[in-house]
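Notes for the structure review
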Amino acid sequence: MFEMNMRTEPVSGRLVIDLAAIQTNYRFLCSIAAPAPVAAVVKADAYGLGAVAVSKALCAIGCQDFFVAHLNEAVAIVPHLPSAARVYVLNGLMPGEEGQCADLGVIPVLNGVEQVENWARLARSQGGMLPAVLQVDSGMSRLGLSLAEASAIAHNKPLRDMLDLKWLISHLACADERDSEQNLHQLATFRDACALFPETPGCFANSGGIFLGADFRGAMVRSGIALYGGAPTSGGPNPMTPVVSLTVPVVQTRRVSTGAKVGYGGAFQADRPMVLATIAAGYADGLPRSLGDFGAAWLGAIRLPIVGRVSMDTMTIDISHLDPGTVGLGTQVELIGHNSPIDAVAEAAGTISYEILTRLGRRFRRVLIEAVSPPPSANSQSEEELRL
Ligand SMILES: *Cc1c(COP(=O)(O)O)cnc(C)c1O
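Since the structure is predicted, the reported quantities are computational estimates derived from the model, not experimental observations.

Before going further, it helps to spend a moment on the pattern of salt bridges. In a structure, side chains of opposite charge can pair up when their charged atoms sit close to one another. Per the counting criterion, the structure on display carries ten salt bridges. One salt bridge connects D164 with K166, and the closest N-O pair in it is separated by 2.9 Å. In this structure D164 comes out as partly exposed when scored by relative accessible area, which is 27%. Here R272 makes a salt bridge to D271, at a shortest N to O gap of 3.1 Å. Exposure remark for R272: the relative accessible area of 37% places this residue in the partly exposed category.

Have a look at this one:
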């Protein structure tokens, strides 16, 4: 018995990442965005799911454009991608990073005048144009040139001559809200910016923006959360295929009497005799403390509410309503999955699916469901379509 245990995998939480489902989501988004191609946003390690594996899976079905946030994220994925793939750095470059970026063949998103000037200076010193993306701020006040700055750059010929502008981009603040007036204001501002650069194609929509209609989609769209199974639009059913599931083992069960306090701060007190299970995931694994008293684990379709505060490595669930003996040491319960989609977990925690995904911890055993590589002929056709 002892020997058998020695040979089996340690029982830990199991985070299953379905690369084939990410491919399904990519194809679905392509069908909606067409004729605009879909770029994959793989920043923050592909929202915590593994940027190299995700990028390779998407390359295999024709994706050619990848957005990361930092140059070092580009450094991590570039060696794994075919040379035709284009990698863009959303945050742009810090002073001094220009040379490394150019050497890698990575395309910076230039968000401010200083970044534009630094990139143009490098181009001049190398004796030719360098590829770049320009971002304009269309109403989020986060990253990007103001319209006035964009106009000054558009009219500065010596500067323009150094930049091979691939895309003009901007980002929506309320893309998940179909009826937000801000979307229309941002679209109008973005169109004004595009008019300054008539030869440069526009790239505007994130996942939510793709579902706001053709006006918002521009010549390329950038999707993150929808690829990873998150709802692109709030309210209404989620059209995306789930990508992530998380199950964690029970590490202890116990019966408690009326009045027993549960967890830190004694914040939960049993108002009746209860049966509790402590499970092996806590806030150090990315399950927010704010799930305490709101979230739940699931055994099949049975909801097992979290009681008391979420600890660093554990949380406690109420299993009183299960038949005795159903759950014991090592039983796996679901925290994310069929019964508990990431958007529901996020809502219970008072946050968004993005935060749940990007925080999922490194202690779980990560299991990848393999991506599907289509036969070369089918692949080259879809690549052709995407290149248009
Ligand atoms: C993160 C990000 C995206 C992707 O947004 P999703 O809502 O995850 O699709 C697109 N564009 C920019 C500029 C971003 O920062």
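Every one of the 13 residues lining the ligand counts as a neighbour, but K43, Y47, S207, I225 and Y354 are closest to it. One nitrogen or oxygen atom from the side chain of K43 is found 2.7 Å from an oxygen atom belonging to the ligand. A distance of 2.9 Å separates an oxygen atom of the ligand from a polar side-chain atom of N206. Bound to the protein, the ligand loses 95% of the 380 Å² it would expose on its own. Going through the elements one at a time, α3 (43–47) and β9 (221–223) are the ones with two or more residues in the shell around the ligand. Residues of the shell around the ligand, tallied by class, amount to five nonpolar, five polar and three charged.

Bringing the sheet that holds strand β5 (residues 107–110) into the picture now. Read across the open sheet, the eight strands follow the order β8-β7-β6-β5-β4-β3-β2-β9; overall the sheet is parallel. Where the open sheet ends on each side, the last strands, each with one partner, are β8 (202–203) and β9. Across two bridges, the pairing between strand β2 (residues 38–41) and strand β3 (residues 65–68) is parallel. Along β3, the bridge assignment pairs V41 with F67. Against the sheet, helix α2 (residues 19–33) contacts β2 and β9, and its axis sits at roughly 140 degrees relative to β2. Taken strand by strand, helix α10 (residues 181–196) contacts β7 (163–169) and β8, and its axis lies near 165 degrees from that of β7.

Let's shift gears to the environment of R178. Examined against the element boundaries, R178 turns out to sit in the loop between β7 and α10. Each C-alpha atom of the pair R178 and S12 lies 40 Å from the other, and the pair is 166 residues apart in sequence. When neighbours within four sequence positions are excluded, R178 is seen to be in contact with N183, F211, L212 and T233.

Take unusual backbone geometry next. In this chain, A34 is followed by P35 through a cis amide linkage whose omega measures 10 degrees. At A44, a residue that is not glycine, the phi angle is positive and equals roughly 50 degrees. Summarising the element assignment, A44 is placed in helix α3. Owing to a relative accessible area of 37%, A44 belongs among the partly exposed residues under this scheme.

Below, the discussion takes up α2. Look at α2: 21 Å from first C-alpha to last across 15 residues, which is about the 21 Å you get at 1.5 Å a residue. All buried positions along α2 are accounted for by L19, A20, A21, I22, Q23, N25, Y26, L29, C30 and A33. Its side-chain oxygen at 3.1 Å from the backbone nitrogen of A20, D18 defines the N-terminal cap of α2.

About the thresholds
Residues numbered from 1 in each chain as written. Predicted model: local features only at pLDDT ≥ 70, side-chain atom pairs only at ≥ 80, totals over all residues. Heavy atoms only, no water. Salt bridge = Lys/Arg side-chain N within 4 Å of Asp/Glu carboxyl O. Buried < 20%, exposed > 50% of the residue type's maximum accessible area, 1.4 Å probe, protein only. Near = heavy atom within 4 Å. Polar contact = N/O pair within 3.5 Å; in protein donor to acceptor, adjacent residues only side chain to side chain. Areas by Shrake-Rupley, 256 points an atom, 1.4 Å probe, with all protein chains shown as cover. Helix = DSSP H or I, 4+ residues; strand = E, 2+ residues; numbered from the N terminus. Nonpolar A, V, L, I, M, F, W, Y, C, P; charged D, E, K, R; others polar. Pairing = 2+ DSSP bridges. Contact = heavy atoms within 4.5 Å. Axes fitted to C-alpha atoms, helices over the stretch in contact; angles between N-to-C directions. Expected span 1.5 Å × (residues − 1).

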